[in-house]
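Each chain is listed here by its residues.
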Amino acid sequence: MLLGNLQHLMDWIIGFLETHDRLHTFDNIWSSLPLYSGNYVPRKSYRLLSQLSGKEMRGLLIVILGVFTTALYHKTDTPRPTASQEQEFKKAITCVRYLIHFALLSKYRSYTESTIEYIREYLQKFYETKNIFLRYQAGKASKAKADMVSKELTAQNNARNIETNLNRRTAAQKARATAEDREERAYLVNQALVEDSHFNFPKVHLMMHWANQISHYGSLPQYSIEIYETSHKALKDAYRRSNHMDSIPQILKGYSRGYSFAVKELEMSAWSAEEPAIAERVKDVLRPKRKQGQLSMPEGTRMYMTLQEVYNILEIPVPDQDADENNNYKLQYLHATGRRNWRKGGPRRDAVWGSNRELYKLAYLTLLDWLGNPTPHGPEGMSSVQVFLSRGRETIVWLQAVEGAVNLI
């Protein structure tokens, strides 16, 4: 349900950006997002993506508000927004902000009366501002009607210009007439699109019941059916390995074969644990288990940041909201490669937010400082940061002074 609403939101955002000639800017920002631990980093524009997994959609949920806001107010290669556009931008950003906040709160594993009230408040504000995206809910009939209105208005304007002898007008008069025709066309097309459009479909309606569901039955993630999607992976992989002709017998055969190998590996692992001689013989047969970047800590245990590979990687444990149990942490890996390139790109220097404490030689990273007002402000409700200039671009810091990472857009 959550990911479905996020897909609708992305459709609204793409339509809004296309209407205001910001879609190209959005694509550039989207495809150039920096590496950030735990987040999906796209390599091409959103419009070229055929499908996103649940993990990728959750990563999108974290960054989409910043990318959308940056695309609207980008000052390079984009026309300056008019006064009416400024108002629409603020309404659109506010709508996206409250739906994103609502979605993030709905992922909590535990709630208080305050957080449940926040859910109701954010949803109510989303309902109050969602009409800014109403035209992008138009169906085929409404779009055809709007296209017909645009063509008829264009024909009327051309006929009127011929009658009034447009060539005798000055350049200023021609520009004024063109602007008036454009505004009239935009208004009539918008009216045709919103006339039969609505948000009355189940996924939007059911969100109003989420707060009551949480109060009566507990957190929502425990009812998610997404965990069962992983059961499809083996069957999908078997289909990809088939020749796609009469694939069902091939899928069953491939799945059964993989299952048999998995059982055999478990048996060999059990034998290896009991007999050292067997372990030596099958060590090259068993596949190494992948290390999971997740920690489970007892209640009250203090978490410390650790350093790996001679000041190149910094691990920051952060609470994992997607985990099934409380006190689970996933590790964010921050990198500072100096002059060396990171994979196929340039050097990587992840930015971190650090407290003003005494510094020691432990980690080589980029520090940040507030840019302007540190209190979240504006329709997007965000704060801005910049590189900590007083100590240079990179510096050596004490690990416990690092409070977290910031994804710069």
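As the structure is a computational prediction, the values presented were derived from the model and not from experiment. Along each chain, residue indices are assigned from 1 in the same order as the chain's sequence is written. Side-chain atom pairs in this predicted model are given and counted only at pLDDT of 80 or more, local residue features only at pLDDT of at least 70, and totals for whole chains, interfaces and linings cover all residues. Only heavy atoms go into the side-chain values, all of them from the structure, while hydrogens and water stay out.

## Some remarks on the overall build of the protein chain
For the protein chain, the helix and strand inventory stands at twelve helices and ten strands. Only protein chains enter the accessibility calculation, which uses a 1.4 Å probe; a residue is then buried when its area is under 20% of its type maximum, exposed when over 50%, and partly exposed in between. In the protein chain, buried positions account for 36% of the 409 residues. By definition, residues are in contact when any of their heavy atoms lie within 4.5 Å. Considering only intrachain contacts with a sequence separation of at least 6, the fraction spanning at least 24 residues in the protein chain is 64%. When the accessible area of the protein chain is evaluated, it comes to approximately 26300 Å², of which 52% is carbon and sulfur surface. The numbering of helices and of strands both runs from the N terminus, where a helix is a DSSP run of H or I of at least 4 residues and a strand a run of E of at least 2. Note that accessible areas follow from Shrake-Rupley with a 1.4 Å probe, and for residues the cover is restricted to the protein chains shown.

## Brief notes about the confidence of the model for the protein chain
The predictor rates its confidence in each residue with pLDDT, a number between 0 and 100. Confidence in the prediction for the protein chain averages 77 pLDDT; 78% of positions are at 70 or higher. For the protein chain, strand E2 (residues 306–308) is the element with the lowest average pLDDT, namely 46, and helix H5 (residues 113–129) is the one with the highest, namely 93. Predicted confidence is poor over residues 290–294, with pLDDT under 50, and the contacts of this stretch with residues over four places away or in other chains come to ten contacts.

## Topic: the packing of helix H1 (residues 2–19) against helix H4 (residues 83–106)
Under this scheme, a helix contributes an axis fitted over its contacting stretch, all axes are lines through C-alpha atoms, and angles between N-to-C directions fall in the 0 to 180 degree range. The contact between H1 and H4 brings their axes to 11 Å, and the two run at 165°. One finds that H1 runs roughly antiparallel with respect to H4. H1 and H4 meet at a crossing whose hand is left-handed. Residues Leu2, Leu9, Ile13 and Phe16 of H1 form the contact with H4, whose participating residues are Glu88, Phe89, Ala92, Val96, Leu99, Ile100, Ala103 and Ser106. Note that the term roughly parallel is reserved for angles under 35 degrees, roughly antiparallel for angles over 145, roughly perpendicular for angles of 65 to 115, and oblique for everything else. It is the rotation of the near helix from the far one that decides the hand of a crossing: anticlockwise by less than a right angle makes it left-handed, clockwise makes it right-handed.

## Examining the packing of aromatic side chains
Any Phe, Tyr or Trp ring, taking Trp's six-membered ring, that has another such ring centre within 6.5 Å forms a pair; planes under 30 degrees apart are called stacked, those over 60 apart edge-to-face, and the others tilted. This model, assessed by the stated rule, comprises 15 aromatic pairs. Between the aromatic rings of Trp12 and Phe133, the centroid separation amounts to 5.9 Å while the plane-to-plane angle is 20°, which identifies the pairing as stacked. Within this pair, whereas Trp12 is found in helix H1, its partner Phe133 is found in the loop between H5 and helix H6 (140–163), the two being separated by 121 residues in sequence. The class for Phe133 is buried, based on a relative accessible area of 0%. With centroids separated by 5.1 Å and ring planes inclined at 20°, the aromatic side chains of Phe102 and Trp210 adopt a geometry described as stacked. Remark: Trp210 occurs in helix H9 (residues 210–217) and Phe102 occurs in helix H4; sequence separation between them is 108 residues. In this structure Phe102 comes out as buried when scored by relative accessible area, which is 1%. Residue classification places Trp210 among the buried positions, given a relative accessible area of 10%.

## Some points on helix H11 (residues 247–274)
The first and last C-alpha atoms of H11 sit 41 Å apart over 28 residues, in line with the 40 Å expected at 1.5 Å per residue. Buried within H11 are the following residues: Ser247, Ile251, Glu265, Met268 and Ser272. The length a helix should cover is 1.5 Å for every residue beyond the first.

## A closer look at the nonpolar core
For soluble globular proteins, nonpolar side chains are generally found buried alongside one another. Residues Phe26 and Phe133 are the most contacted members of the largest nonpolar core, which totals 56 residues. Among the elements that take part in this core, H4 stands out by supplying eleven residues, more than any other. Contact partners of Phe133, with chain neighbours within four places excluded, come to Trp12, Phe16, Ala92, Cys95, Val96 and Phe199. In plain words, nonpolar cores are sets of buried Ala, Val, Leu, Ile, Met, Phe, Trp, Tyr and Cys residues tied together by side-chain atoms within 4.5 Å. Judged by nonpolar contacts, the second largest core, of seven residues, contains Ile316, Leu334, Leu367 and Phe388.

## Some details on the packing of H5 against H9
To characterise two packed helices, one gives the angle between the axes of the helices and the distance between these axes. Two elements in contact, H5 and H9, have axes whose closest approach is 9 Å; the angle formed by their N-to-C orientations is 165°. With respect to each other, H5 and H9 are oriented roughly antiparallel. The handedness of the crossing between H5 and H9 comes out as right-handed. Listed contacts from H9 to Ile116, Ile119 and Arg120 of H5 are Ala211, Asn212, Ile214 and Ser215. Across the contact of H5 with H9, the residue classes tally to four nonpolar, two polar and one charged. Residue polarity is assigned by list, with Asp, Glu, Lys and Arg as charged and Ala, Val, Leu, Ile, Met, Phe, Trp, Tyr, Cys and Pro as nonpolar; anything else, Gly included, falls into the polar class.

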